[in-house]
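Residue-level structural notes
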Amino acid sequence: MTAVVEKELHELGNGIYAYTQLPGSWGWSNAGLITDGDQSLLVDTLFDEKITSEMLESMRRATPAAARIGTVVNTHGNGDHCYGNSLVADSEIIGTPGCVEDLREGPPSRNNLLLRAARVIGALGAGGRMLGRVLNTVGIDRVALLAEAGPLALPAFSDFDFANAKLTLPNRTFQGELELQVGDKKVILIEVGPAHTRGDAVVWVPGDKTLFTGDILFKNAHPIIWQGPVSNWIAALRRLLDMDIETVVPGHGPLTDKSGLAEILHYLEVLSVEARRRYDAEMSVEDAARDLTLDEFRGWLDAERVYVNMHTLYRDFAGDSEPADPLTLWAGMGRMRKHMQRG
Ligand SMILES: [Zn+2]
């Protein structure tokens, strides 16, 4: 299945660009380019080499400063923001320690292997599901989880090429804040995670009042809270809302302004309250996710993420800061998607 994706390089003015892949569902992330004179800084690469190379070409057509990318910032360690790093391996690549950790644990080869396994299990049909149930009873749950994750993950990720992607980690890390210079332009990296992942950072160009958020912001889609704590994400959004910012480039979805940050802040606050009520009533994560109506967010993409969000909030409430098993989360979202389709 090939998703319909509209790719566009937007010139924001004064040497700043945003690259969007809309509508911005699973894996279709945004990126940015900050230039001054012949200097350049790339905010994030994309999910595979092919689409990253396509993006770099469009940037090079737009400005000679993109001919050689001096610095790359990975906003966090999810593949859709880093797997294209191999194309800019000669650049300085900056990320937080949490970003490096996430990327090291989730290289393209792992995605490739899991998708291949899910494809095989999917091809077995009912036989695969039965095999999963049998193995489950003896404590081997991976097959059953893959069978549940497959119907969501396979169509979502079939457009990307993980088989040929090479893992390239950031070669410089920072914590807290890091001030950089791109030509005469001041660029400030601010670590705001753990929130969406273990090591989220945003890229702020104060002189141009522009913010690249990474996946601290999804526009017109449910955010996904892989890591938490949610209170940290909420604090980050409040901090950003207080800053002098006019243009906001989200990690996924169309360009926005501070109103986009306020929307996600509201979403996280509503979800926290609703989750706490169900946690206190000892409802399971699965039942709680299905029980939520979230009518005011109807129409947002990828509502199956509510399962993961609920899972993370429950871990927050229990004081558990260990990352959850990704395959368990994917399987839960697969079941959630199926449940939603049944209506
Ligand atoms: Zn992303």
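Presented here is an overview of the structure given in this document.

Basis of the calculations
- Residues numbered from 1 in each chain as written.
- Predicted model: local features only at pLDDT ≥ 70, side-chain atom pairs only at ≥ 80, totals over all residues.
- Heavy atoms only, no water.
- Helix = DSSP H or I, 4+ residues; strand = E, 2+ residues; numbered from the N terminus.
- Rg over C-alpha atoms; globule rule 2.2 N^0.38 Å.
- Contact = heavy atoms within 4.5 Å.
- Expected span 1.5 Å × (residues − 1).
- Buried < 20%, exposed > 50% of the residue type's maximum accessible area, 1.4 Å probe, protein only.
- Salt bridge = Lys/Arg side-chain N within 4 Å of Asp/Glu carboxyl O.
- Donors = N, O, S within 2.8 Å, 3.2 Å for Na, K, Ca; no water.
- Tetrahedral: all angles 85-135°; square planar, octahedral: opposite > 155°, others 65-115°.
- Phe/Tyr/Trp six-rings, centres within 6.5 Å; stacked < 30°, edge-to-face > 60°.
- Pairing = 2+ DSSP bridges.
- Axes fitted to C-alpha atoms, helices over the stretch in contact; angles between N-to-C directions.
- Core = buried A, V, L, I, M, F, W, Y, C linked by side-chain atoms within 4.5 Å.
- Patch = residues over 30% accessible without salt bridge, like charges linked within 9 Å, V, L, I, M, F, W, Y side chains within 5 Å.
- Areas by Shrake-Rupley, 256 points an atom, 1.4 Å probe, with all protein chains shown as cover.

Turning our attention to the overall build of the chain. A count of helices and strands for the chain gives ten helices and twelve strands. The C-alpha atoms of the chain give a radius of gyration of 20 Å, which matches the 20 Å a tight globule of 343 residues would have. In terms of principal-axis extent, the alpha carbons of the chain reach across some 60 × 40 × 35 Å. Residue pairs at least 24 apart in sequence account for 68% of intrachain contacts in the chain once pairs closer than 6 positions are excluded.

On to helix α7 (residues 258-280), then. Along its 23 residues, α7 runs 33 Å from first to last C-alpha, staying within 8% of the 33 Å computed at 1.5 Å per residue. Listing the buried residues of α7 in full gives Gly-260, Leu-261, Ile-264, Leu-265, Tyr-267, Leu-268, Val-270, Leu-271, Ser-272, Glu-274, Ala-275 and Arg-278. Residues of α7 that are buried sit in contact with β11 (210-218), α6 (230-241), β12 (247-252), α8 (285-291) and α9 (305-317). Glu-282 lies just past α7 and shows a positive phi near 60°.

A few words on the pattern of salt bridges. With the rule as written, the count across this model stands at 22 salt bridges. One salt bridge in this structure joins Arg-239 and Glu-177, with 2.7 Å as the shortest N-O distance. Linking Arg-239 in helix α6 with Glu-177 in strand β8 (residues 177-182), this pair joins segments that are 62 residues apart in sequence. Of the residues examined, Arg-239 reaches a relative accessible area of 36% and is grouped as partly exposed. In this structure, the salt-bridge partner of Lys-209 is Glu-246, at a minimum N-O distance of 3.9 Å. Of this pair, Lys-209 sits in the loop between β10 (201-205) and β11 while Glu-246 is found in the loop between α6 and β12, placing the two residues 37 residues apart along the sequence.

Here the zinc ion is held by Asp-80 (OD), His-81 (NE2), Asp-215 (OD) and His-252 (NE2), and the distances to it run 2.1 to 2.3 Å. Around the zinc ion, the four donor atoms are arranged such that angles at the metal cover 87 to 159°; this shape is classified as irregular. Mapped onto the polypeptide sequence, the residues donating to the zinc ion form the spacing pattern D-H-x133-D-x36-H. Of the two residues, His-81 sits in the loop between β5 (71-73) and β6 (92-95) while His-252 sits in strand β12, which places them 171 residues apart along the sequence. Neither residue differs from the other here; His-81 and His-252 are each classed as buried.

Relative to the assigned elements, Arg-104 resides in helix α2 (residues 97-105). By relative accessible area, Arg-104 is classed as exposed at 54%.

In this section: the packing of aromatic side chains. By the definition in use, this model includes 18 aromatic pairs. With a centroid separation of 6.5 Å and 85° between ring planes, the pair formed by Trp-26 and Phe-157 is classed as edge-to-face. Remark: Phe-157 occurs in helix α5 (residues 142-157) and Trp-26 occurs in the loop between β2 (16-22) and β3 (31-36); sequence separation between them is 131 residues. The exposure class assigned to Trp-26 is buried, which follows from its relative accessible area of 7%. A relative accessible area of 10% means that Phe-157 is categorised as buried. Ring plane angle 65° and centroid distance 4.8 Å describe the contact between Phe-47 and Phe-162, whose orientation is recorded as edge-to-face.

Taken together, five strands build an open sheet; the order of strands is β8-β9-β10-β11-β12 and the sheet is mixed. With one partner strand each, in any of the chains shown, β8 and β12 form the two edges of the open sheet. On average, each strand axis in the sheet is tilted by 25° relative to the strand beside it, whichever way the strands run. Note that β11 and β12 share five bridges and pair parallel. In the strand pairing of β12, Leu-211 is matched with Val-248. Packed onto the sheet, α6 meets β8, β9 (185-191), β10 and β11 and runs at close to 160° relative to β11.

Counting 85 residues, the largest nonpolar core has Trp-26, Phe-157, Leu-268, Trp-330 and Met-333 as its most contacted members. The contacts of Phe-157, once residues within four sequence positions are left out, are Trp-26, Gly-27, Phe-47, Leu-115, Phe-162 and Trp-330. Of all hydrophobic cores here, the second largest spans 18 residues; its members include Leu-41, Val-43, Ile-94 and Leu-178.

Attention now goes to helix α3 (residues 108-124). Under the 1.5 Å per step criterion, the end-to-end length of α3 is 25 Å for 17 residues, consistent within 8% with the ideal 24 Å. Within α3 the residues assigned to the buried category are Pro-108, Asn-111, Asn-112, Leu-115, Ala-118 and Ile-121.

Time to look at a nonpolar patch on the surface. Taken together, Val-120, Leu-124 and Leu-131 make up a surface patch of nonpolar side chains, about 270 Å² in accessible area. Within the fold, Leu-131 resides in helix α4 (residues 126-137). For Leu-131, a relative accessible area of 39% corresponds to the partly exposed category.

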